[in-house]
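# What the coordinates show
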Amino acid sequence: MPTRRRMHTCDMPRPIEALIHAEALTHNLARARAAVPDARVWAVVKANAYGHGIARAFEALRAADGFALLDLAEAQQLRDLGWRGPILLLEGVFEPRDLELCSRLNLWHTVHCEAQIDWLAMHKTQQPHRVFLKMNSGMNRLGLRPTAFRAAWTRLNALPQVDEISLMSHFSDADGDRGIAAAMQVFGDATRDLPGERSLCNSAATLRHGDDAAVRADWVRAGIMLYGSAPDFPAHDIAHWNLRPTMTLRARLIGTQELQAGDTVGYGSRFTAEAPMRIGVVACGYADGYPRHAPSGTPVLVDGVRTRLVGRVSMDMVTVDLGALPHAVRGSEVTLWGRASAGATLPIDEVAHAAGTVGYELMCALAARVPVRLDGGS
Ligand SMILES: *Cc1c(COP(=O)(O)O)cnc(C)c1O
């Protein structure tokens, strides 16, 4: 196993690491492009590139037309990495002085409320800003109501601090059966004769509705699909969308136990062996970002072979069924999600689903104590 030496020679306290697969990020970005060939693609890199690390993901994603994020420090980081292209602040500025950084770093920013327009009107700059005026088309999170949208646009358009105004909205149901028709109707009615580029789609809308020119519009905002998770799992998986896992969390067995029928495993004795069986103890627990709510039966790969969790996840360990793995020993590779050395993959969505959450949460929650390595970066 090529990584074994590495995992034991670097000064890691435990045999666990995360790998970020640069080539998979690049592949997934190409998938976004292919889904909406005549639109431009924002690579959404908020939350430290969904837990992957902006600096690690940057090179692999630099074929994007721009980067979208929330945090001004992350925008600064992208400029420091040498990115001169568009950067969009998806929630706009949080206080008036943030506008100075927007001017200095040439950041495009969302305007979702009247206060942000007031701040712009008072902002002193030689550099007019490009803004994305956001409509609340039914999600009721950020954005101006359709009835207030035109007045906000007119106000912005009169400001010397504003250069170009684009129009955006965000779908609440692009991943599900409810769909986007109602939001499209609301957005279309309220913006029909307004000029400017438009941006509506997240990953789910890009993949599921991107064949409609009005939906894909001028810019899509691709996040989760870049990171190898299907936005509409379990309706579709990454194989269906031809996406590749970009993050692998893997560890090793640090022990094994032989159980007799009736023996139980772990805190709360939540798993009982019905017959003699062998289990393995893995150097990964919830303090590494593995979901504590993952129940017995959650899939896991040992030496690339699919098996299951047994018993509760604890802080530093999980326990796995070795019934189908007579050759597994202390030191065997365990893939919690992502790609096994042997080639098999376990999509993060399957683990998330078993634990009652989504791939987004697991990748964002990768713990700081897990060493991360860029695989295949240039
Ligand atoms: C996070 C975010 C996206 C990306 O969503 P995904 O589901 O990860 O593709 C797009 N637009 C906005 C406004 C966002 O906040």
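Residues numbered from 1 in each chain as written. Predicted model: local features only at pLDDT ≥ 70, side-chain atom pairs only at ≥ 80, totals over all residues. Heavy atoms only, no water.

### Comments concerning the overall build of the protein
From N to C terminus, the protein includes 14 helices and 19 strands. Compactness check: the protein gives a C-alpha radius of gyration of 23 Å against a globular reference of 21 Å for 378 residues, within 12% of the reference. In terms of its C-alpha atoms, the protein occupies a principal-axis envelope of roughly 75 × 45 × 35 Å. Across the 378 residues in the protein, those meeting the buried criterion constitute 55%. Counting contacts in the protein only where the partners sit at least 6 residues apart, residues at least 24 apart contribute 65% of the total. (Helix = DSSP H or I, 4+ residues; strand = E, 2+ residues; numbered from the N terminus. Rg over C-alpha atoms; globule rule 2.2 N^0.38 Å. Buried < 20%, exposed > 50% of the residue type's maximum accessible area, 1.4 Å probe, protein only. Contact = heavy atoms within 4.5 Å.)

### Thoughts on the site of the ligand
Lining the immediate surroundings of the ligand are Val-44, Lys-46, Tyr-50, Leu-90, Lys-134, His-170, Asn-202, Ser-203, Arg-221, Gly-223, Ile-224 and Tyr-360. In the model, an oxygen atom of the ligand is placed 3.0 Å from a nitrogen or oxygen of the Gly-223 main chain. Within the complex, 92% of the 390 Å² of free accessible area of the ligand lies under protein. Each residue belonging to the shell around the ligand can be placed in one class, and the counts come to five nonpolar, four polar and three charged. (Near = heavy atom within 4 Å. Polar contact = N/O pair within 3.5 Å; in protein donor to acceptor, adjacent residues only side chain to side chain. Areas by Shrake-Rupley, 256 points an atom, 1.4 Å probe, with all protein chains shown as cover. Nonpolar A, V, L, I, M, F, W, Y, C, P; charged D, E, K, R; others polar.)

### Looking at the domain arrangement of the protein
You'll often see interface size given as the accessible area lost when the parts meet. The domain boundaries assigned to the protein delineate domain 1 (22–231) and domain 2 (245–374). Relative to domain 2, the C-alpha centre of domain 1 lies at a distance of 37 Å. Each partner contributes residues to the interface: domain 1 has 17 residues there, and domain 2 has 13 residues. Note on domain 1 versus domain 2: buried area summed over both sides is about 1,200 Å², and carbon and sulfur give 62% of it. Considering only the side of domain 1, the residues that lose the most area to domain 2 are Tyr-50, His-52 and Arg-56, jointly responsible for 37% of the buried surface there. At the boundary of domain 1 with domain 2, the tally comes to one salt bridge. Note that Glu-23 and Arg-339 form a salt bridge whose closest N and O atoms lie 3.3 Å from each other. Here domain 1 is connected to domain 2 by five residue pairs in polar contact (both at pLDDT 80 or more). Those elements giving two or more residues to the side of domain 1 that touches domain 2 turn out to be helix H2 (22–35) and helix H3 (46–50). Of the residues in the side of domain 1 that touches domain 2, the class split is ten nonpolar, five polar and two charged. (Domains from an automatic or database assignment. Buried area = accessible area lost by both parts, 1.4 Å probe. Salt bridge = Lys/Arg side-chain N within 4 Å of Asp/Glu carboxyl O.)

### What to know about helix H6 (residues 98–105)
Across the eight residues of H6, six count as buried, placing the element largely inside the fold. Of all the residues in H6, the buried ones are Asp-98, Leu-99, Leu-101, Cys-102, Ser-103 and Leu-105. Contacts from the buried residues of H6 go to helix H5 (72–80), strand S4 (87–89), strand S5 (108–111), helix H7 (114–122) and strand S6 (129–135). Count one or two residues on from H6 and you reach Asn-106, which has phi positive near 55°.

### Things to note about the pattern of salt bridges
Across all of its chains, the model carries 23 salt bridges by this definition. For the salt bridge of Asp-173 with Arg-178, the shortest nitrogen-to-oxygen distance reads 3.9 Å. Using a relative accessible area of 21% as the deciding quantity, one classes Asp-173 as partly exposed. For Arg-178, a relative accessible area of 71% corresponds to the exposed category. Note that Glu-333 is salt-bridged to Arg-250, the shortest N-O span being 3.3 Å.

### Description of the nonpolar core
Counting 114 residues, the largest nonpolar core has Leu-61, Leu-156, Phe-171, Tyr-290 and Leu-336 as its most contacted members. Here this core takes five residues from helix H4 (residues 54–61), the largest share from any one element. Lining this core are residues from two domains, each supplying at least three of them: domain 1 (22–231) and domain 2 (245–374). Discounting chain neighbours no more than four positions away, the residues touching Tyr-290 are Cys-284, Gly-285, Thr-298, Pro-299, Leu-309, Val-313, Val-318, Leu-336, Trp-337 and Val-351. Leu-259, Val-265, Met-277 and Val-310 belong to the second-largest nonpolar core, a separate cluster that totals seven residues. (Core = buried A, V, L, I, M, F, W, Y, C linked by side-chain atoms within 4.5 Å.)

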